[in-house]
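Fold and geometry: a report
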Amino acid sequence: MATLDDLDRAVELAEETAITYPWVQDPTGNLYLAAEGSGMPTTILLDAQGTVRASRTGPFADLDDLQTFIDENSD
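Residues numbered from 1 in each chain as written. Predicted model: local features only at pLDDT ≥ 70, side-chain atom pairs only at ≥ 80, totals over all residues. Heavy atoms only, no water.

Attention now moves to the side chain of aspartate 26. Residue position: aspartate 26 is located in strand 2 (residues 25–26). It is arginine 9 that comes nearest to the buried, bridge-free aspartate 26 among opposite-charge side chains, at 17 Å. A polar side-chain atom of aspartate 26 sits 3.0 Å from the main-chain amide nitrogen of tyrosine 32. (Helix = DSSP H or I, 4+ residues; strand = E, 2+ residues; numbered from the N terminus. Buried < 20%, exposed > 50% of the residue type's maximum accessible area, 1.4 Å probe, protein only. Lys, Arg positive; Asp, Glu negative; His and termini not counted. Salt bridge = Lys/Arg side-chain N within 4 Å of Asp/Glu carboxyl O. Polar contact = N/O pair within 3.5 Å; in protein donor to acceptor, adjacent residues only side chain to side chain.)

Structure, rendered in structure tokens:
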């Protein structure tokens, strides 16, 4: 998520780092604040209505760690 970043600079960084996951721009920082983010990277899990279900600041150790986060915070 690009929080309070210039969109062109965020796109450039995404291309430079070759990220393969979806990301969004949060120009006002409201989503980041709603998720109680405290650093980067912050992963935010949203439900189908866009409600923040969970957030985590810091990297995941591996895919299993990410899957556990999803499973523990999903219905």
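Moving on from the model shown.
Here the focus is the packing of aromatic side chains. Applying the stated rule across the entire model yields one aromatic pair. On the basis of an interplanar angle of 55 degrees and a centroid distance of 5.4 Å, the ring pair of phenylalanine 60 and phenylalanine 69 is categorised as tilted. (Phe/Tyr/Trp six-rings, centres within 6.5 Å; stacked < 30°, edge-to-face > 60°.)

A cluster of acidic residues, Asp5, Asp6, Asp8, Glu12, Glu15 and Glu16, forms a negative patch at the surface. For glutamate 12, the location among the structural elements is in helix 1 (residues 7–17). (Patch = residues over 30% accessible without salt bridge, like charges linked within 9 Å, V, L, I, M, F, W, Y side chains within 5 Å. Areas by Shrake-Rupley, 256 points an atom, 1.4 Å probe, with all protein chains shown as cover. Charge placed at Lys NZ, Arg CZ, Asp CG, Glu CD.)

Further remarks concern unusual backbone geometry. A positive phi is found at alanine 18, a non-glycine position, where the angle reads about 55 degrees. Inspection of the secondary structure puts alanine 18 in the loop between helix 1 and strand 2. Its identity as a non-glycine residue notwithstanding, glutamate 36 has a phi of 55 degrees, on the positive side. With respect to the secondary-structure elements, glutamate 36 resides in the loop between helix 2 (30–34) and strand 3 (42–46).

Here we take up the pattern of salt bridges. Counted according to the given criterion, the structure contains one salt bridge. For aspartate 65, the salt bridge identified is with arginine 56, shortest N-O distance 2.9 Å. Residue aspartate 65 is classed as partly exposed on the basis of its relative accessible area, which comes to 22%. Look at arginine 56 and you get partly exposed, because its relative accessible area is 25%.

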